[in-house]
Protein chains: 2
Amino acid sequence: MLRAALSAGTAGRRSVFEVFTRRLPHGRRYGVVAGTGRVLDAVENFRFDADVLRFLRERDIVDEDTLDWLADYRFSGDIWGYPEGEVYFPGSPIMRVEGSFAECVLLETVILSILNHDSAIAAAASRMSSAAGDRPLIEMGARRTHELGAVAAARAAYVGGFATTSDLAAGFRYGIPTVGTSAHAFTLLHDSERDAFRAQVDALGAGTTLLVDTYDVAEAVRTAVEVAGPELGAVRIDSGDLLLVAHRVRQQLDELGATGTRIVVTSDLDEYAIASLAAAPVDAYGVGTQLVTGSGHPTASMVYKLVARAESDDPRAPLVPVAKKSSGGKTSIGGRKWAARRRDADGYAEAEVVGTGPVPGALAGDQLLAELVKGGEVVAREPLDVARDRHTAVRAALPLSATQLSRGEPVIPTEYLHGGSGS
Amino acid sequence: MLRAALSAGTAGRRSVFEVFTRRLPHGRRYGVVAGTGRVLDAVENFRFDADVLRFLRERDIVDEDTLDWLADYRFSGDIWGYPEGEVYFPGSPIMRVEGSFAECVLLETVILSILNHDSAIAAAASRMSSAAGDRPLIEMGARRTHELGAVAAARAAYVGGFATTSDLAAGFRYGIPTVGTSAHAFTLLHDSERDAFRAQVDALGAGTTLLVDTYDVAEAVRTAVEVAGPELGAVRIDSGDLLLVAHRVRQQLDELGATGTRIVVTSDLDEYAIASLAAAPVDAYGVGTQLVTGSGHPTASMVYKLVARAESDDPRAPLVPVAKKSSGGKTSIGGRKWAARRRDADGYAEAEVVGTGPVPGALAGDQLLAELVKGGEVVAREPLDVARDRHTAVRAALPLSATQLSRGEPVIPTEYLHGGSGS
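Residues numbered from 1 in each chain as written. Chains lettered and ligands numbered in written order. Predicted model: local features only at pLDDT ≥ 70, side-chain atom pairs only at ≥ 80, totals over all residues. Heavy atoms only, no water.

As annotated in an unreviewed UniProt entry, chain A carries the name Nicotinate phosphoribosyltransferase and is attributed to Streptomyces ziwulingensis. Recorded in UniProt for chain A, the comment headed Function (unreviewed entry) runs: "Catalyzes the first step in the biosynthesis of NAD from nicotinic acid, the ATP-dependent synthesis of beta-nicotinate D-ribonucleotide from nicotinate and 5-phospho-D-ribose 1-phosphate." The UniProt entry for chain A carries the following comment under Pathway (unreviewed entry): "Cofactor biosynthesis; NAD(+) biosynthesis; nicotinate D-ribonucleotide from nicotinate: step 1/1." (UniProt positions renumbered as here; feature names shortened; annotations may be inferred.)

This is the structure in structure tokens:
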């Protein structure tokens, strides 16, 4: 596309691309924007080095003019977007990228990859964190997904409300709080469960978390408290009927005087399993597979579409809205869009309003798109905790049915206001 | 775990870890090993640099002894595994890692991440490639998954039988053949569909693939052949009832004399949609979302378990088999294993035989584990085409029902032969 647009002289036409999704995953009430910070890093660092240019030349993928253009590539346009942690609905213009066609079209794959992946994880994380209430969630899914996808997943989980991750690379890269865990292998390495517990407590102190289901849970709990004392930090249960076992273990711990010892459960948890343990004496949940695979929806189905472009090759030409018109359910709405969340008198969200004309005065203060990149410079970096806190606040302002786990429609409708030139 | 095992003096015990899966994803007939080559790269490059060591120190995650140990880390053990492209079944010992407990346990996450991700994609790719028969499949899912997960997915898809990828980074990194595609944005950028087609044909020649469903398909096909001539390479259809539209487009192309112009279809294809188009005049399929998300099963649920370890801290101590014994369906079988595929008189696979004792003579020639790393050195690198060809050959030697798309049991049973010391 780039090569052909450069030859045709259309590559420089000012263009507006928008990221949106036509639908939420089946039954989901809201989506969660995540990955915005990673998009900013990716845009800032998007370059073509000598090795890549050589590859493109040797494979005859692009011509010399295009190679020259790529060698100088640096995004110089503007990006607006929903802030990280915000929620979104079908049609929400989650991100808007403006610049020349050439500089914007090149970013399509990396922007969609990041937002589709991270938002899918954050949406699952958000459902899990609302199901868990005040109990902390530990991200433990690194081994279930691509090794670097895992680091991004831990980050997205944190945005969606997780407290910690077991992925040290995510702690290193993004500063997310990390927690450790011991595996059955550690117990099996030692000559007895008691030896294993003693080794762990000697090295890490009584505040550590001992894994108690390698052999017999009741015996392991007894041994754990004998070895660590009643100040044992926590025990972890990773198999069996967690509801039943948690009750038994709590009773046993209390009888042994370890009333402050917490119970961490893991074992293929998802938001439904977490919710079903609400009445169980569980203090924290470790979640792996279902988190990093988006709990049934591993991608967010966002698309990146050209919605407006310059009317001609004249640099001063006005923008005209454009949209695919073919049948098949893939039509979209042309024109550069604004978005606002209309609220009721109590401050609860009532509708996602998306428009192409002027913003109605009543909605001016509730606009959702923030400036992220201006003339190629990132202008809206923020700590990850800000995104995490934003998500908590925004979710709390959705109608109460938002956090029902059962399948349903998007919790607020998307309304379109058309008007103006679309530019 | 590492810190505690180092303090306890057990970190050096010779250990055997195995990667296996307790079950295939629901209804799947076989699994596909992919990512082996990436595991070898990861093991070879697994190091802790100064920045990482500083992070571990500052967060007080490990103590000074452990930091010293990590600074010198280099895997010095042995790895055996199913060759890339092989198929596997519940209980198949897909990879076996042997060395000190410490050096092996550190590799758990990276090995599982790679194998779980890549094998999930390859399994979906294999189902799609068997459904597609001789028609080539194009990997087009980069925008639907993590930006680097996408590159690994393109690689795994190739192992599973895909012909090409649209992910240039995968072409650059792994030498996979790449193909381009134009998006609706390219058509919308231009003042007319004719202008867009002309720009593309001028730059890329008549052999290019024109996207014909931005406005009206029949008109686009007419324009495409007018612009490119009857030697037009291909047209791509990305929406609508593909079966119906493909028939109409074929007829129209033939009437226009473009009898050699191929039809490429895309649009949320999966193996079922591909199979349903078997009788349609389609020449190639582009697959995105369903491929990179494993067609409903985005992870392969492989685990990495300690199955044997030295009986004591004595370096000459013999290995003893170990296994988790608790209830809850997560038990595993201790002891270092071999595996072989028993064949019938016609050469078709009959059973996956896994054992801990001596290998029966009749199976000696059909063993599945190959030496991959010896004393820390990679000894089994191979071109990706070898893995791809292996997969085609191995799949063809499964019972015919292997490639049925309907849900069923693993196409061959796994049989266990116990015996010997397990070491």
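Once the structure has been displayed, the description carries forward.
Enquirer: Break down empty space enclosed by the protein for me, citing the residues and quoting the values.
Expert: Evaluated as defined, the whole model comprises 3 cavities of 30 Å³ or more. The volume enclosed by the largest cavity comes to roughly 150 Å³. Lining the largest cavity are 17 residues, with H117(A), T145(A), V292(A), P298(A) and T145(B) sitting closest to its centre. Taken together, the residues of the lining of the largest cavity sort by class into 5 nonpolar, 11 polar and 1 charged. (1 Å grid on protein atoms, 1.4 Å probe; cavity = no way out; pocket = protein on both sides within 12 Å on 5 of 7 lines; lining within 4 Å. Points joined across faces, edges and corners; volume = space filled by probe spheres on them. Nonpolar A, V, L, I, M, F, W, Y, C, P; charged D, E, K, R; others polar.)

Enquirer: Account for the domain arrangement of chain A, with residues named and values stated.
Expert: If you check the domain split of chain A, you get domain 1 (2-120 + 301-417) and domain 2 (182-265). Each of domain 1 of chain A and domain 2 of chain A has a C-alpha centre, and these two points are 48 Å apart. (Domains from an automatic or database assignment.)

Enquirer: An account of the sheet that holds strand β9 (residues 234-237) of chain B is requested, with residue identities and associated values reported.
Expert: Residues and elements named next belong to chain B. Taking strand neighbours across the sheet as the criterion, the 6 strands line up as β7-β6-β11-β10-β9-β8 in an open arrangement whose pairing is parallel. Each edge of the open sheet is held by one strand with a lone partner, namely β7 (164-165) and β8 (209-211). Here 4 bridges tie β9 to strand β10 (residues 262-265), and the two strands are oriented parallel to one another. In the strand pairing of β10, A234 is matched with R262. (Pairing = 2+ DSSP bridges. Helix = DSSP H or I, 4+ residues; strand = E, 2+ residues; numbered from the N terminus.)

Enquirer: Describe the interface of chain A and chain B, naming the residues involved and giving the relevant values.
Expert: Across the boundary between the two partners, chain A contributes 85 residues, which contact 85 residues of chain B. Taking both partners together, chain A and chain B bury about 6,400 Å²; carbon and sulfur atoms supply 62% of that area. One can count 12 salt bridges joining chain A with chain B. Here E108(B) ties to R143(A) by a salt bridge, and the two come within 2.5 Å at their closest N and O atoms. In this structure, the connection of chain A to chain B is made through 38 residue pairs in polar contact (both at pLDDT 80 or more). Take the side of chain A that touches chain B: its biggest share by element is 8 residues, from helix α6 (residues 108-132) of chain A. Residues belonging to the side of chain A that touches chain B are distributed by class as follows: 36 nonpolar, 29 polar and 20 charged. (Contact = heavy atoms within 4.5 Å. Buried area = accessible area lost by both parts, 1.4 Å probe. Salt bridge = Lys/Arg side-chain N within 4 Å of Asp/Glu carboxyl O. Polar contact = N/O pair within 3.5 Å; in protein donor to acceptor, adjacent residues only side chain to side chain.)

Enquirer: Outline the packing of aromatic side chains, supporting the account with residue identities and numerical values.
Expert: Scanning all chains against the criterion turns up 14 aromatic pairs over all chains. Ring centres of W69(A) and Y73(A) lie 5.5 Å apart, and the angle between their planes is 45°; on these two criteria the pair is classed as tilted. Judged by relative accessible area, W69(A) falls into the partly exposed class, the value being 25%. The buried category is assigned to Y73(A), whose relative accessible area is 3%. Summarising the aromatic geometry, the rings of F17(B) and Y304(B) are spaced 4.9 Å apart at their centres and angled 20° between planes, so their arrangement reads as stacked. (Phe/Tyr/Trp six-rings, centres within 6.5 Å; stacked < 30°, edge-to-face > 60°. Buried < 20%, exposed > 50% of the residue type's maximum accessible area, 1.4 Å probe, protein only.)

Enquirer: Account for helix α12 (residues 242-255) of chain B, with residues named and values stated.
Expert: An α-helix turns once every 3.6 residues. As a result, residues three or four positions apart point the same way. Residues and elements named next belong to chain B. Compared with an ideal rise of 1.5 Å per residue, which puts 14 residues at 20 Å, α12 spans 19 Å between its outermost C-alpha atoms and is within 8% of the ideal. Of all the positions in α12, only L242, V245, A246, V249, R250, Q252 and L253 are classed as buried. Where α12 is buried, its residues contact α11 (217-228), β9 and β10. Positive phi appears at G257, one or two residues downstream of α12, with a value of about 85°. (Expected span 1.5 Å × (residues − 1).)

Enquirer: Residue-level account of the sheet that holds strand β15 (residues 349-355) of chain B, with values.
Expert: Residue and element names in this part refer to chain B. With mixed pairing, 3 strands are arranged side by side in an open sheet as β14-β15-β18. Both outer strands of the open sheet, β14 (338-343) and β18 (414-417), are each paired with one neighbouring strand and no more. Strand-to-strand, the axes of this sheet are offset by a mean angle of 30°, without reference to chain direction. One ladder, built from 4 bridges, connects β15 with β18; its direction is parallel. Within β18, the residue paired with V354 across the bridge is Y416. (Axes fitted to C-alpha atoms, helices over the stretch in contact; angles between N-to-C directions.)

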